[in-house]
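Summary of structural features
Each chain, written out:
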Amino acid sequence: MSGADQTAKLIRMANQIATFFHPYPEEEGVSSVAKHIQDFWTPKMREALAAYCAADGQGLDPLVLKAFGGRDRAEPRAA
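These numbers come from a predicted model, not from an experiment.

**Some thoughts on the overall build of the protein chain**
When its secondary structure is counted, the protein chain shows 4 helices and 0 strands. Sequence-ordered secondary structure for the protein chain, helices as α and strands as β, is α-α-α-α. Across the 79 residues in the protein chain, those meeting the buried criterion constitute 34%.

Take a look at the structure:
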């Protein structure tokens, strides 16, 4: 699987998580997305998504971007 395919898969997975938390109040949704990614994703997956957020973030749900604290955070912020 190419790097672009892996990135697309991570974006899809992160957006699916965010979609689940859309009905929640925004702050709770953001912290829940961050907690899920921190608890269930491998460090390599988190690092790849963080790098994508920092470099571009195109196509990511706003809850995912906020969970990563914008473009300057390397890890999901603490829940």
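What follows continues from the structure just given.
**A short note on the confidence of the model for the protein chain**
The share of residues in the protein chain with pLDDT of 70 or more is 87%, and the mean pLDDT across the chain is 88. Note that residues 71-75 has pLDDT below 50 and, in this model, 14 contacts with residues that lie over four places away or in other chains.

**Quick word on helix α3 (residues 43-55)**
Here α3 contains 13 residues, and its C-alpha end-to-end distance of 18 Å stays within 8% of the 18 Å for a straight helix at 1.5 Å per residue. Looking at α3, one finds that the buried residues are Arg46, Leu49, Ala50, Tyr52 and Cys53. Along α3, the residues classed as buried sweep out an arc of 160° about the axis, all on the same side. Relative to its buried face, α3 has exposed residues pointing more than 90 degrees away, namely Lys44 and Ala55. Here the buried face of α3 lies against α1 (3-21), α2 (26-40) and α4 (62-67). Positive phi appears at glycine 57, one or two residues downstream of α3, with a value of about 80°.

**Digging into the packing of aromatic side chains**
In the structure shown here, the tally under the stated rule is 3 aromatic pairs. An aromatic cluster of at least three residues, connected via ring pairs, comprises Phe20, Phe21 and Tyr24.

What counts and what doesn't
- Residues numbered from 1 in each chain as written.
- Predicted model: local features only at pLDDT ≥ 70, side-chain atom pairs only at ≥ 80, totals over all residues.
- Heavy atoms only, no water.
- Helix = DSSP H or I, 4+ residues; strand = E, 2+ residues; numbered from the N terminus.
- Buried < 20%, exposed > 50% of the residue type's maximum accessible area, 1.4 Å probe, protein only.
- pLDDT = per-residue confidence, 0-100.
- Contact = heavy atoms within 4.5 Å.
- Expected span 1.5 Å × (residues − 1).
- Arc of directions from axis to C-beta.
- Phe/Tyr/Trp six-rings, centres within 6.5 Å; stacked < 30°, edge-to-face > 60°.

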